[in-house]
Amino acid sequence: MVKIIKFITSNQHKVKEARGIFEKFGIQLEHEDLGYPEIQGTLEDVARFGAQYAASKIKGPVIVEDAGLFIKALNWFPGTYSSYVQETLTNKGILKLMNDVEDRYAEFRSVVGYCTPKSEPEIFLGTVKGHLSYKERGNHGFAYDPLFIPDGFNRTFGEITREEKNEFSHRRISLEKFASWLKFNE
Ligand code: ITT
């Protein structure tokens, strides 16, 4: 039986990725750009709060997802400030901060929050490790993708297709954890 879940996000790229990932789990995604207050806190706090808020507004089961790029040499910046930094500093600003920095380790994290009007929120974390390139490369993907080279690759997320990114990305891991949980818990 196909399950229908609402994904509350303002980001169309996330919706496309999530639809691709959910295909084989029999989950049909409906998109709604409802907006929810992004509280100060960790990705987990934001996802928990957002899912609970949206479930009570929509009066049905929802997922939200909060993601970010965490750079070790910058003390894990931009992390929870990833949206703001992407809009203001942009990828070029990040590359400037990383000029001459040898340790280029970075990871993408994604936290999915799931909630229904009758239940407490559940969260699911996905992480992908890698390092930063020295310049923006590729025009696939979105936001930080042209900067991020996942472990085991020499191409950035900007240089691979959505299908390839979906095979192992942070979002693939968090959404797959959610899908498996849903199968046994609903
Ligand atoms: P929401 O409405 O779902 O919150 P958003 O785009 O604000 O959409 P996030 O707060 O989760 O999403 O993301 C923080 C920033 O990180 C934002 O600029 C995203 O575009 C960027 N980002 C998230 N996932 C990414 C990915 O897989 N690749 C590249 N950049 C990503």
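Residues numbered from 1 in each chain as written. Predicted model: local features only at pLDDT ≥ 70, side-chain atom pairs only at ≥ 80, totals over all residues. Heavy atoms only, no water.

**Student:** Which parts of the structure should I look at to understand the packing of helix 1 (residues 12-22) against helix 6 (residues 170-185)?
**Tutor:** Relative orientation and spacing of two packed helices are given, respectively, by the angle between their axes and the distance between those axes. Remark: helix 1 packs on helix 6, axes separated minimally by 10 Å, with the N-to-C direction vectors making an angle of 50°. On the basis of the axis angle, helix 1 is oblique to helix 6. Taken as a pair, helix 1 and helix 6 cross one another with a handedness that is right-handed. Residues Lys-14, Glu-17, Ala-18, Ile-21 and Phe-22 of helix 1 form the contact with helix 6, whose own contacting residues are Arg-171, Arg-172, Leu-175, Phe-178 and Ala-179. Per-class residue counts for the contact of helix 1 with helix 6 are 6 nonpolar, no polar and 4 charged. (Axes fitted to C-alpha atoms, helices over the stretch in contact; angles between N-to-C directions. Helix = DSSP H or I, 4+ residues; strand = E, 2+ residues; numbered from the N terminus. Parallel < 35°, antiparallel > 145°, perpendicular 65-115°, else oblique. Left-handed = near helix turned anticlockwise from the far one by under 90°. Contact = heavy atoms within 4.5 Å. Nonpolar A, V, L, I, M, F, W, Y, C, P; charged D, E, K, R; others polar.)

**Student:** What is the right way to read the side chain of Ser-82 from this model?
**Tutor:** Here Ser-82 lies in helix 3 (residues 82-88). At a separation of 3.1 Å, a polar atom in the side chain of Ser-82 contacts the main-chain amide nitrogen of Leu-69. Polar contacts involving the side chain of Ser-82 include one to the main-chain carbonyl oxygen of Gly-79, which spans 2.6 Å. Here Ser-82 is in contact with Ala-67, Gly-68, Leu-69 and Tyr-144, once residues within four sequence places are set aside. (Polar contact = N/O pair within 3.5 Å; in protein donor to acceptor, adjacent residues only side chain to side chain.)

**Student:** Sorry, what's going on with the layout of surface pockets here?
**Tutor:** Over the atoms, a rolled probe matching the size of one water molecule traces out where space is still vacant. By volume, the largest pocket amounts to about 760 Å³. In this structure, the largest pocket is lined by 35 residues; those nearest its centre are Lys-14, Glu-38, Asp-66, Ala-67 and Ser-83. Elements with a minimum of two residues in the lining of the largest pocket: helix 2 (43-58), strand 3 (62-71), helix 3 and helix 6. Tallied by class, the residues present in the lining of the largest pocket amount to 13 nonpolar, 13 polar and 9 charged. (1 Å grid on protein atoms, 1.4 Å probe; cavity = no way out; pocket = protein on both sides within 12 Å on 5 of 7 lines; lining within 4 Å. Points joined across faces, edges and corners; volume = space filled by probe spheres on them.)

**Student:** Mind showing me how you'd approach the packing of aromatic side chains here?
**Tutor:** Each aromatic ring pair is characterised by the separation of its centres together with the angle its planes make. Counting across every chain of the model gives 12 aromatic pairs. A ring pair is formed by Phe-124 and Phe-178, whose centres lie 5.7 Å apart and whose planes are at 65°; its orientation type is edge-to-face. A residue pair is termed long-range when its members are at least 10 positions apart, and Phe-124 in strand 6 (residues 122-132) and Phe-178 in helix 6 qualify at 54 residues. Like Phe-178, Phe-124 is buried. Above the ring of Tyr-134, the side-chain terminus of Arg-104 is found at 3.7 Å from the ring centroid. Directly above the aromatic system of Phe-70 lies the positively charged group of Arg-109, at a separation of 3.8 Å from the ring centroid. (Phe/Tyr/Trp six-rings, centres within 6.5 Å; stacked < 30°, edge-to-face > 60°. Buried < 20%, exposed > 50% of the residue type's maximum accessible area, 1.4 Å probe, protein only. Lys NZ or Arg CZ within 6 Å of the ring centre and 35° of its normal.)

**Student:** How do you make sense of the site of the ligand when you look at a structure like this?
**Tutor:** Around the ligand, a shell composed of 20 residues is seen, among which Thr-9, Ser-10, Lys-14, Ala-67 and Asp-145 lie nearest. The contact in question runs from an oxygen atom of the ligand to an N or O atom on the backbone of Ala-67, over 2.8 Å. A distance of 3.2 Å separates a nitrogen atom of the ligand from a polar atom in the backbone of Tyr-144. Alone, the ligand offers 600 Å² of accessible surface; in the complex the protein occludes 91% of this. Judged by the proximity of its atoms to the pocket grid, the ligand belongs to the largest pocket. Elements represented by at least two residues in the shell around the ligand include exactly strand 3, helix 3 and helix 6. (Near = heavy atom within 4 Å. Areas by Shrake-Rupley, 256 points an atom, 1.4 Å probe, with all protein chains shown as cover. Sits in = over half its atoms within 2 Å of the grid points.)

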